[in-house]
Protein chains: 2
Amino acid sequence: MSPYDPSAFPPFAVTVDLVVLTVRRHALCALAVRRGEPPFQGRWALPGGFVREDEDLAAAAARELLEETGLCVHDPAAAAFASENGAHIEQLASYGDPKRDPRMRVVSVAHLALAPDLPAPRAGGDANSARWAPVETFLEQGAEQTGPLAFDHAQILADGVERARSKIEYSSLATAFCPPEFTVGELRRVYEAVWGVALDPRNFHRKVTGTPGFLVPTGGTTTRQGGRPAQLFRAGGATLLNPPMLRPEV
Amino acid sequence: MSPYDPSAFPPFAVTVDLVVLTVRRHALCALAVRRGEPPFQGRWALPGGFVREDEDLAAAAARELLEETGLCVHDPAAAAFASENGAHIEQLASYGDPKRDPRMRVVSVAHLALAPDLPAPRAGGDANSARWAPVETFLEQGAEQTGPLAFDHAQILADGVERARSKIEYSSLATAFCPPEFTVGELRRVYEAVWGVALDPRNFHRKVTGTPGFLVPTGGTTTRQGGRPAQLFRAGGATLLNPPMLRPEV
DNA sequence: CCAAAAGTGTTTTAATTACACCCATGC
DNA sequence: GCATGGGTGTAATTAAAACACTTTTGG
């Protein structure tokens, strides 16, 4: 590193972009916002914005998440997450291709947020400017309905989806897609939606209830899914699952 | 995002820092360089430097790696990696605390590089300015001998070590610590050094040779470890190991 | 009663562990 | 010969997959 000299390094803008995922109607969905100005005006993009002068990267991501969705960030340090509208958030990766933004040199630090299905679709903006859609809508050739995402956001989204898919295997992250209290069946449907596979309900039940620290029974039951009443659980303290959940091949 | 206005966002410097790991004398070692100027003058730090005007993040990391170690980056796309001094490199995470550099606002995109034990300790600098040392030397309280690393580099190093330890479980990344041709025993000693455990040589042998695509026999043998001649292997094309290597618990 | 989802038990199958044992070299 | 690491065989343990079956609700 050369001595301090402001002219010795090029200036960058630093942004955070958010891959916000949820499970709705048995599909893994991502949040997109419509761009109101150039470049890519009118196209769908991931929510995001500039990091402020005295703001940490994580703080910037949490602020953008709150502004765009009203979701608070679950602090793993905070004992119990009382907030109903809480989300998990973690850093994903950084994207800094010199040409990724035609205006100037921008490095974006992408973050991944996982949230339960929101009762209200969105706050703070009109329905035309923000939407949830299945991730396939923005990836693959499915972009016919929406057009491709702005900038390199399709790549960022793909990386975020891949991270979510692999991380629920060996961590308790799938519970971040569930409301504070949930049933084993609801948790199973999360895995099925994220992985796009069918899982055996019997074996799944045994596996998750038998993994120490994964699920904590609340004592309550619910019949909101129909059928026999199901026990309600909260997420336990365990963050690493051993043995992991096994993702069936193809 | 607000309309384009250069005064609307604060300027950042963007750097890359490298966690370069290798296995030497049965220990996981990291590369550190001595800082020649303030801040933290004289302290050990991770190698790194500013990202240039028209340079991708990955290109900046590869350039720094080459400058500091003479190592080239193995391109996974390139069919066979012929280069003797090749390393694996991947993005690790970004660090952007507003106070992490006392001079100015700097966001560092850390990268993780894994390299085989180098015949020559280092090129291009004197022995006092760059060194390999076991990672514990820089972490924990072991920093007595070297003093703590500059900036937040102890955290970055810890994150890189953790990434390496977990990633060799389910990927073929451990071969990046080996020379182009290596024996099963040498690969096992890599796992033992990185995890700090002892593995059963018989079961390890069966496991790695039985995992399709992990190892490709070259036909040659060597007795460089003493004892019965051992078959030589190259890394196979498989990047994901299924089933994974199991890291014994404590 | 019937449909639907929850939950338990059992059998089959595969993978991991632990360890006995043999092989091929250098000294 | 004998120490040293390389490599194979095998039995015991453990976990996963497949699936028959019972339970408890709503309509």
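As the structure is a prediction and not an experimental result, all values here were calculated from the model. Each chain carries its own residue numbering, running from 1 in the direction its sequence is written. Each chain is given a letter, starting from A, and each ligand a number, starting from 1, according to the order in which they appear as written. Confidence filtering applies because this is a predicted model: local features only for residues at pLDDT of at least 70, side-chain atom pairs given and counted only at 80 or more, and all residues used for totals across whole chains, interfaces and linings. Side-chain measures here rest on the full set of heavy atoms in the structure, leaving out hydrogens and waters.

So, about the protein's contact with DNA strand D. Within the structure, DNA strand D sits among 23 residues, and R202(A), K207(A), R228(A), R202(B) and R228(B) are positioned closest to it. Within 3.5 Å is the distance limit for a polar contact, defined as a pair of N or O atoms, with the added protein rule that one can donate a hydrogen and the other accept it, and that residues adjacent in sequence qualify only through two side-chain atoms. With respect to DNA strand D, the side chain of R228(B) contributes an N or O atom lying 2.8 Å from a base nitrogen. If you list the elements that add at least two residues to the surface near DNA strand D, you get α5 (201-210) of chain A together with α4 (184-195), α5 (201-210) and β10 (230-235) of chain B. Secondary structure counts use DSSP, requiring at least four H or I residues in a row for a helix and at least two E residues in a row for a strand, with both numbered from the N terminus. Per-element tally for the surface near DNA strand D: the top contributor is α5(A), with four residues. For the surface near DNA strand D, the class distribution of residues is five nonpolar, eight polar and 10 charged. Nearness here has a simple test: a residue counts as near a molecule or strand if at least one of its heavy atoms is within 4 Å of that partner. Three classes are used: nonpolar for Ala, Val, Leu, Ile, Met, Phe, Trp, Tyr, Cys and Pro, charged for Asp, Glu, Lys and Arg, and polar for all others, with Gly counted as polar.

Here we take up the relation of the copies chain A and chain B. Two chain copies here: they are related by a rotation about an axis and a translation along the same axis. Copies overlap after least-squares fitting; the atoms used are the C-alpha atoms of residues with pLDDT of at least 70 in both. Under the fitted operation, chain A is carried onto chain B by 0.0 Å of movement along the axis and a turn of 180°, and the coordinates agree to an RMSD of 0.0 Å. When the rotation and shift are considered jointly, the pair of chain copies conforms to a two-fold rotation axis. Here, residues are in contact when the closest pair of their heavy atoms is within 4.5 Å. Take the interface residues of chain A: 100% of them recur as interface residues in chain B, which is what a same-surface contact looks like.

Generally speaking, soluble globular proteins have nonpolar side chains that are buried together. Residue and element names in this part refer to chain A. Each nonpolar core is a collection of buried residues, namely Ala, Val, Leu, Ile, Met, Phe, Trp, Tyr and Cys, held together in the definition by side-chain atoms within 4.5 Å. A 1.4 Å probe rolled over the protein chains alone gives each residue an accessible area, and that area as a share of the maximum for its type sets the label: buried under 20%, exposed over 50%, partly exposed in between. In terms of nonpolar packing, the biggest core is built from 46 residues, with L21, L157, L187 and Y191 touching the most fellow members. Of all the elements in the fold, those that place two or more residues in this core are β1 (13-24), β2 (27-34), β6 (86-95), β7 (106-114), α2 (135-138), α3 (153-170), α4 (184-195) and α5. The element best represented in this core is α4, accounting for seven residues. Once you skip the residues sitting within four places of it in the chain, L187 turns out to touch A174, T175, C178, F182, F204, V208, F214 and L215.

All names here are of chain A. It is the contact of α3 with α4, at a shortest axis distance of 9 Å, that shows an interaxial angle of 140°. The two elements α3 and α4 meet at a crossing, and its hand is left-handed. In contact with R165, I168 and E169 of α3, α4 contributes Y191, V194 and W195. Considered class by class, the residues forming the contact of α3 with α4 number four nonpolar, no polar and two charged. As a rule, the C-alpha atoms of each element are fitted with a line to give its axis, helices using only the stretch in contact, and angles between N-to-C directions run from 0 to 180 degrees. Each crossing gets its handedness from the near helix: less than a right angle anticlockwise from the far helix is left-handed, clockwise is right-handed.

Turning next to the protein's contact with DNA strand C. The environment of DNA strand C is formed by 23 residues, the closest being R202(A), Q231(A), R202(B), K207(B) and R228(B). By atom count, sugar and phosphate contribute 52% of the portion of DNA strand C lying within 4 Å of the protein. The separation between a base nitrogen of DNA strand C and a polar side-chain atom of N203(B) is 2.9 Å. Elements represented by at least two residues in the surface near DNA strand C include exactly α4, α5 and β10 (230-235) of chain A together with α5 of chain B. For the surface near DNA strand C, the element with the highest residue contribution is α5(B), accounting for four residues. Considering only residue class, the surface near DNA strand C consists of five nonpolar, eight polar and 10 charged.

With that settled, consider unusual backbone geometry. Residues and elements named next belong to chain A. Between P38 and the following residue, P39, the backbone shows a cis peptide bond with an omega angle of -5°. Position of P39 among the secondary structure elements: in the loop between β2 and β3 (44-45). Despite not being glycine, F151 shows a phi value in the positive range, around 50°. The class for F151 is buried, based on a relative accessible area of 15%.

Let's shift gears to the packing of aromatic side chains. All names here are of chain A. Pairs were defined over the aromatic rings of Phe, Tyr and Trp, the Trp ring being its six-membered one, requiring ring centres within 6.5 Å. Orientation was assigned from the angle between planes: stacked under 30 degrees, edge-to-face over 60, tilted for the rest. Tallied over the entire structure, the rule returns six aromatic pairs over all chains. Considering the side-chain rings of Y191 and F204, the 5.6 Å spacing of their centres and the 65° angle between planes classify their relative orientation as edge-to-face. Of this pair, Y191 sits in helix α4 while F204 sits in helix α5, placing them 13 residues apart in sequence. For the pair Y191 and F204, a shared accessibility class is recorded, and that class is buried.

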